[in-house]
Amino acid sequence: GAVVSQHPSRVICKSGTSVKIECRSLDFQATTMFWYRQFPKKSLMLMATSNEGSKATYEQGVEKDKFLINHASLTLSTLTVTSAHPEDSSFYICSALKAQGYNTGELFFGEGSRLTVL
Amino acid sequence: GNSVTQMEGPVTLSEEAFLTINCTYTATGYPSLFWYVQYPGEGLQLLLKATKADDKGSNKGFEATYRKETTSFHLEKGSVQVSDSAVYFCALSDHQAGTALIFGKGTTLSVSS
């Protein structure tokens, strides 16, 4: 299967700082990537849809100025948590869509990034 | 809107026991249905999928049948192993590519020898 890599896998930062998480599709081009947030004992909640070369589409309730998403190339999307606070501590997961033809594709997931804000 | 409901866990079984994890969905149109598995310390992996009614997805001894009449996609395995211990997520997507998956809350399975 295709490989999606996230970096860093774990990050600890101080409150008020910004943290960038990278999501790379290693062996395919992904015009669309998705960012999820996973809370303990809860489902993965879609934060935003990232399309290469255009602005991300954020889900209701997700602050776009807080969670900056950039999809600058067909293999890289980044999520920057700006001015992080303890409530932003979570597990962030990206997924990349590998197209398999017109209107079809399969999603591949990164390993996730554990953010802890002190 | 679309949604997925999974049975609450954790599910605790002995090795070789039969497993069922219930999943029902609400969707407009004809979604594709998926089961993902998350092993401890790892990312999500696709376990199986079904793209239309009455399709059966299967992989690694797991199987699930897309039941449109009951809007269900229950996961089953006849004989679980310790290595099956993980969190299982049921998910759906609109049939069109480029749309995100909608996940259930996940069910933790713990298998003891």
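Everything below is about the structure shown above.
> Report on the sheet that holds strand β3 (residues 19-25) of chain A, specifying residues and quantitative values.
All names here are of chain A. Spatially, the four strands line up as an open sheet ordered β1-β3-β8-β7, and their pairing is antiparallel. The two strands at the open ends of the sheet, each matched to only one other strand, are β1 (4-7) and β7 (67-73). Going from strand to strand, the sheet's axes swing by 15 degrees on average, the running direction of each strand aside. For β7 and strand β8 (residues 76-81), the ladder comprises five bridges, and the chain directions are antiparallel. Along β8, the bridge assignment pairs L68 with T80.

> Describe in detail the nonpolar core, supporting the description with residues and values.
Of all hydrophobic cores here, the largest spans 27 residues; its most connected members are W35, F67 and L115 of chain A. If near-sequence neighbours (up to four positions away) are discounted, F67 of chain A is found in contact with R37, M47, Y58, V62, L79, T80, V81, D88 and Y92 of chain A.

> Before we move on, could you go through the state of the cysteines and cite the residues and values that matter?
Residue and element names in this part refer to chain A. Enumeration over the complete set of coordinates arrives at two disulfides over all chains. One disulfide in the model links C23 with C94; its S-S distance is 1.9 Å. Here the S-S torsion is close to 75 degrees, and the disulfide linking C23 with C94 is therefore right-handed. Pair noted here: C23 is in strand β3 and C94 is in strand β9 (residues 90-101), with a separation of 71 residues, a long-range link. Relative accessible area serves as the criterion here: at 0%, C23 is assigned to the buried category.

What counts as what
Residues numbered from 1 in each chain as written. Chains lettered and ligands numbered in written order. Predicted model: local features only at pLDDT ≥ 70, side-chain atom pairs only at ≥ 80, totals over all residues. Heavy atoms only, no water. Pairing = 2+ DSSP bridges. Helix = DSSP H or I, 4+ residues; strand = E, 2+ residues; numbered from the N terminus. Axes fitted to C-alpha atoms, helices over the stretch in contact; angles between N-to-C directions. Core = buried A, V, L, I, M, F, W, Y, C linked by side-chain atoms within 4.5 Å. Buried < 20%, exposed > 50% of the residue type's maximum accessible area, 1.4 Å probe, protein only. Contact = heavy atoms within 4.5 Å. Disulfide = S-S within 2.5 Å.

Functional significance is not addressed by these values, which are geometric in nature.
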